[in-house]
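# Coordinates in review
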Amino acid sequence: MSEQTQTPGRTARQVVVVGAGMAGVQTAVALREQGFTGGVTLIGAEPHQPYDRPPLSKAVLLGKAEGSAFDIDFDALGIELRLGREVLGVRPEDHELDTAEGPVPYGVLVVATGAEPVRLPGAEGVPGVHLLRTLDDAERLRPVLARQHDVVVVGAGWIGAEFATAAREAGCAVTVVEAADRPLAGALPAEVAAPMAGWYADGGVTLRTHARVRHVESGAVVLDDGSRVPAGAVVVGIGARPATAWLEGSGIELGCHREVVADDRLRTSVPDVYAVGDCASFPSGRYGERLLIHHWDNALQGPRTVAADIIGETPVAYDPVPYFWSEQFGRFVQYAGHHEAADATVWRGDPAGAAWTVCWLRENRLVALLAVGRPRDLAQGRRLVEAGTPMDAALLADPSRPLKTATL
Ligand SMILES: Cc1cc2nc3c(=O)[nH]c(=O)nc-3n(C[C@H](O)[C@H](O)[C@H](O)COP(=O)(O)OP(=O)(O)OC[C@H]3O[C@@H](n4cnc5c(N)ncnc54)[C@H](O)[C@@H]3O)c2cc1C
């Protein structure tokens, strides 16, 4: 990426944030919290008051919560909201965005357009096929659950598992079909995903691995081996990719996943343009590689760096310990760190049991951990990952011992 100059300042110019999800909202709020007095405009394609996504696959889906709108008084903060407006393009040379309502000038632009779900080829437009990314998606799915259909979930990832959990709770018969040999194949090593496969059966869900979808037809999902799985409804959860089509041709560098390539202060390759949240990757000094994170905590933390940089605070590199959680099959799963960097694995507790933790070490230092029903392990481990404290693997393996005392 080329060296560039941003023109910062506490009063500076008009900041326009595109994308009114977690990262966009948090950027606007962080600017005010950090004392920015210039104009802040938040533009979002969805018509709804900005809302939080994690409850969509949990309480909102089951009707236990009506919605998940952020409890933020945008007017009081002097944040101008323009909702139901899709930004179609950006011309950095003119410092202007293109929308159907006409051009919008910006002084500083923050790209926070998140991600959109990957669609199942051939299933588009087939009645009864759903995605789960937006509030509208969740609202469409609520009556589907209420009808207690046979539901087929395509993809045993985080969203697939959470949706399957909710559908079972609503009384549906649920089959999850997964092309790989195990759940979460792209996210976790086989030995860690293996015990999770058993959770599906415990939860009354049929999990079919090595099951690639050939096509979807009305009332059934047809697999590559010719078998037909009855489906009153199909939910596709096969991943998400950055929502950056509107940046094509703008000169803003995109990476191999079509994400915005940002630097360690979340600046893009173009002056006065930042990118944050699910749509952007950044270089992790901690892990020595570029990270593209599709989790809530990254959309909370990144905006603070963006706001500080716009204001012109002393530059601090964005270098988080990634964190996320998932609620599935009655279990609370939490993960912190980045295990790809590890050279050793230590288990705390029996993965066949209800609560266990797996720790990943590199040169005796904790680089990541996944905790199932052990939030204290996660809280303590997250701090140890941040600090890079050397650990004693033998002590760490004792689940009765507080994780924070297993240091060398
Ligand atoms: C159902 C579900 C459950 C989840 N559960 C968890 C969880 O339990 N734990 C966890 O850690 N993470 C979870 N996540 C992930 C987490 O919600 C995301 O990482 C987070 O929402 C990312 O925030 P974002 O603002 O970057 O993107 P988004 O939330 O995707 O927001 C981007 C916004 O930009 C808008 N937009 C896109 N293009 C344009 C355009 N051209 N013009 C104007 N607006 C545009 C979109 O409409 C969208 O509203 C979940 C995600 C989903 C979908």
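These figures come from a predicted structure and were not determined experimentally.

### Comments concerning the UniProt feature "domain: Reductase C-terminal" (unreviewed entry) in the protein
Within the UniProt annotation, "domain: Reductase C-terminal" (unreviewed entry) is assigned to residues 323-406. The annotated region residues 323-406 carries 20% helix and 39% strand content, and the separation between its end C-alpha atoms amounts to 21 Å.

### Section: the pattern of salt bridges
The tally for this structure, following the rule as stated, stands at 20 salt bridges. For Asp181, the salt bridge is made with Arg182, and the minimal N-O distance between the two is 3.1 Å. For Asp181, a relative accessible area of 42% puts it in the partly exposed group. A salt bridge links Asp309 to Arg265, with the shortest nitrogen-to-oxygen separation between them at 2.6 Å. Note that Asp309 is positioned in helix α5 (residues 296-311) and Arg265 in the loop between β18 (260-261) and β19 (273-275), a separation of 44 residues in sequence.

### Structural notes on the nonpolar core
Of all hydrophobic cores here, the largest spans 94 residues; its most connected members are Phe163, Leu188, Ile310, Trp360, Leu366, Leu370 and Leu396. Residues within four places of Leu396 in sequence aside, it is in contact with Val346, Arg348, Cys359, Leu361, Leu366, Met391, Leu403 and Ala406. One finds Val16, Ile252, Leu254 and Val260 within the second-largest nonpolar core, a separate group that totals 20 residues.

### Re the packing of aromatic side chains
Taken as a whole and judged by the stated rule, the model has nine aromatic pairs. Taking the centre distance of 4.6 Å and the plane angle of 55 degrees together, the rings of Tyr200 and Phe329 count as tilted. Of this pair, Tyr200 sits in helix α4 (residues 190-202) while Phe329 sits in the loop between β22 (323-328) and β23 (331-337), and the two are 129 residues apart along the sequence. Both residues of the pair, Tyr200 and Phe329, count as buried. One aromatic cluster is present, built from ring pairs that chain together Trp158, Phe324, Tyr335 and Trp360.

### Brief notes about the sheet that holds strand β20 (residues 280-284)
The strand order across the open sheet formed by three strands is β18-β20-β21, and the pairing between neighbours is mixed. Each of the sheet's edge strands pairs with one partner strand only, and the pair in question is β18 and β21 (289-292). Across four bridges, the pairing between β20 and β21 is antiparallel. Bridge pairing in β21 places Phe282 opposite Leu291.

### Let's talk about the domain arrangement of the protein
You can read the domains of the protein as domain 1 (15-116 + 240-310), domain 2 (119-236) and domain 3 (330-405). Between the C-alpha centres of domain 1 and domain 3 the distance comes to 32 Å. If you look at the interface, domain 1 gives six residues, while domain 3 gives eight residues. When domain 1 packs against domain 3, close to 460 Å² is buried across both sides, 49% of that on carbon and sulfur atoms. Considering only the surface of domain 1 that becomes buried against domain 3, Arg286, Tyr287 and Glu289 emerge as the three largest contributors, covering 80% of it. For the interface between domain 1 and domain 3, the tally reads one salt bridge. A salt bridge links Asp297 to Arg382; its shortest N-O distance comes to 3.2 Å. Linking domain 1 with domain 3 are four residue pairs in polar contact (both at pLDDT 80 or more). Contributions of two or more residues to the side of domain 1 that touches domain 3 are made by β21 and α5.

Calculation criteria
Residues numbered from 1 in each chain as written. Predicted model: local features only at pLDDT ≥ 70, side-chain atom pairs only at ≥ 80, totals over all residues. Heavy atoms only, no water. UniProt positions renumbered as here; feature names shortened; annotations may be inferred. Helix = DSSP H or I, 4+ residues; strand = E, 2+ residues; numbered from the N terminus. Salt bridge = Lys/Arg side-chain N within 4 Å of Asp/Glu carboxyl O. Buried < 20%, exposed > 50% of the residue type's maximum accessible area, 1.4 Å probe, protein only. Core = buried A, V, L, I, M, F, W, Y, C linked by side-chain atoms within 4.5 Å. Contact = heavy atoms within 4.5 Å. Phe/Tyr/Trp six-rings, centres within 6.5 Å; stacked < 30°, edge-to-face > 60°. Pairing = 2+ DSSP bridges. Domains from an automatic or database assignment. Buried area = accessible area lost by both parts, 1.4 Å probe. Polar contact = N/O pair within 3.5 Å; in protein donor to acceptor, adjacent residues only side chain to side chain.

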